[in-house]
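Examining the three-dimensional arrangement
Residue-level listing of the chains:
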Amino acid sequence: MARRSSRKRPIRWHIGVFLAPATVIYTAVMILPLLGTLHLALFREVDREQVFVGLDNFSTLLGDPRWSASFWNAFRNNIWFFVIHMLVQNPVGILLAAVLSSPRLRLRTFYRTAIFVPTILSFVIVGFTWKLILSPLWGIAPYFLDFVGLKSLFAPWLGKEQYALTTLSLISVWQFVGIPMMLIYAALLSIPDGVLEAAEIDGITGMSQFWRIKLPLILPSIGIISILTFIGNFNAFDLVYTSQGAMAAPNFSTDILGTFLYRTFFGFQLQLGDPHMGAAIASMMFLIILSGVCFYLVAVQRRLVRYQF
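Report on the accompanying structure. As the structure is a prediction and not an experimental result, all values here were calculated from the model.

Section: the overall build of the protein chain
Along the protein chain, the regular secondary structure elements total 15 helices and two strands. Against the globule reference of 19 Å for 309 residues, the protein chain gives a C-alpha radius of gyration of 25 Å, more extended than a compact globule. Its C-alpha atoms give the protein chain principal-axis dimensions of about 85 × 75 × 30 Å. Here the protein chain, with 309 residues, has 36% of them falling under the buried criterion. Of the contacts made within the protein chain by residues no fewer than 6 positions apart, 63% connect residues no fewer than 24 positions apart. Only carbon and sulfur atoms are counted for the fraction: they give 68% of the accessible area of the protein chain, which is about 19400 Å². Positive and negative side-chain charges of the protein chain, numbering 23 and 14 respectively, have mean locations separated by a distance of 15 Å.

Written out as structure tokens, the structure reads:
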């Protein structure tokens, strides 16, 4: 026993060999750009020289009326964008998964494919397609509503400030509802048949079985979907840019942090690009997302009950 304990454990070099490629790629693609962004946010160009200004860029972003008005407008719009997805996309995805997981439903594979197909479409295709559909001049939406006798309900939803952001949010929901549907569908299929059979023996069937048995078992998956929705929505940019332009028309009513960052960093029309202020906005986006993820891990993930079978 003494000889065995005195032996040194072998160094497992193969672990480092297998991890090295992923570590190098992750560092090059994620860590170094993040550090570069933080470095830009702490400097400012004065007389064509990089001058360290500390947190002055952040104080300008949050304190200067010219910058803070645009930032808080984009932040509020981002919150509403996220709320629409949480209240519409995820519940609808859960409902679709529950319906499509029923073995009695015919053509389940066709329905799942049809709902998931928009997810793989390009943002450019989705943005321009829906812009054409909702156009009051040549779109099919007014003609369709006129055909069913509801033309009075039509409005240029993408052209009115009070409707534009909600309309874009619902378009995004249409495109990505297939993701929560497939994740919840996979979670429902992973529930052991023995648990469901025991529930049926106890007389728990139908919707009662879903609410009392299935839903508690898929809560961890719902939590993961929620945090992925949060991250994706606060990184959103493409749909607004392709459908409303970099100015987030009309009158910045669809402006979110992604489009605000784009205009600030690269410049647009008469606005000159400012990489340092753009980096400050990107750093704020990172802090917002990091805070949301930490809140989920501390306050939500720890409360979710994990069932082991």
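Some words on the pairing of strand E2 (residues 49-52)
Across four bridges, the pairing between strand E1 (residues 43-46) and E2 is antiparallel. Paired with Val46 across the bridge in E2 is Glu49. Remark: two residues form the turn of the hairpin made by E1 and E2, two consecutive strands paired antiparallel; Asp47 in that turn has positive phi of roughly 55°.

Describing the side chain of Thr167
Inspection of the secondary structure assignment puts Thr167 in helix H8 (residues 161-176). Excluding residues that lie within four positions of it along the chain, Thr167 makes contacts with Leu134, Trp157 and Leu158.

Overview of the packing of aromatic side chains
The final tally for this structure, using the stated rule, is 19 aromatic pairs. On the numbers, 5.5 Å between centres and 45° between planes, the contact of Tyr262 with Phe266 is tilted. Taken together, the positions of Tyr262 and Phe266, both in helix H14 (residues 257-266) and four residues apart, correspond to about one turn of that helix. In this structure Phe266 comes out as exposed when scored by relative accessible area, which is 58%. A connected cluster of aromatic rings, assembled from ring pairs, spans Phe71, Trp72, Phe75, Phe82, Phe230 and Phe234.

Let's talk about unusual backbone geometry
In terms of backbone geometry, most residues other than glycine have negative phi values and most peptide bonds are trans. Of note, the bond from Ala249 into Pro250 is cis; its omega dihedral lies within 30 degrees of zero at -5°. A positive phi is found at Asn251, a non-glycine position, where the angle reads about 55°. Turning to its location among the elements, Asn251 is positioned in the loop between helix H13 (238-244) and H14. Even without being a glycine, Phe252 presents a positive backbone phi close to 60°. On the secondary structure map, Phe252 appears in the loop between H13 and H14.

What counts, and at which threshold
- Residues numbered from 1 in each chain as written.
- Predicted model: local features only at pLDDT ≥ 70, side-chain atom pairs only at ≥ 80, totals over all residues.
- Heavy atoms only, no water.
- Helix = DSSP H or I, 4+ residues; strand = E, 2+ residues; numbered from the N terminus.
- Rg over C-alpha atoms; globule rule 2.2 N^0.38 Å.
- Buried < 20%, exposed > 50% of the residue type's maximum accessible area, 1.4 Å probe, protein only.
- Contact = heavy atoms within 4.5 Å.
- Areas by Shrake-Rupley, 256 points an atom, 1.4 Å probe, with all protein chains shown as cover.
- Lys, Arg positive; Asp, Glu negative; His and termini not counted.
- Charge placed at Lys NZ, Arg CZ, Asp CG, Glu CD.
- Pairing = 2+ DSSP bridges.
- Phe/Tyr/Trp six-rings, centres within 6.5 Å; stacked < 30°, edge-to-face > 60°.

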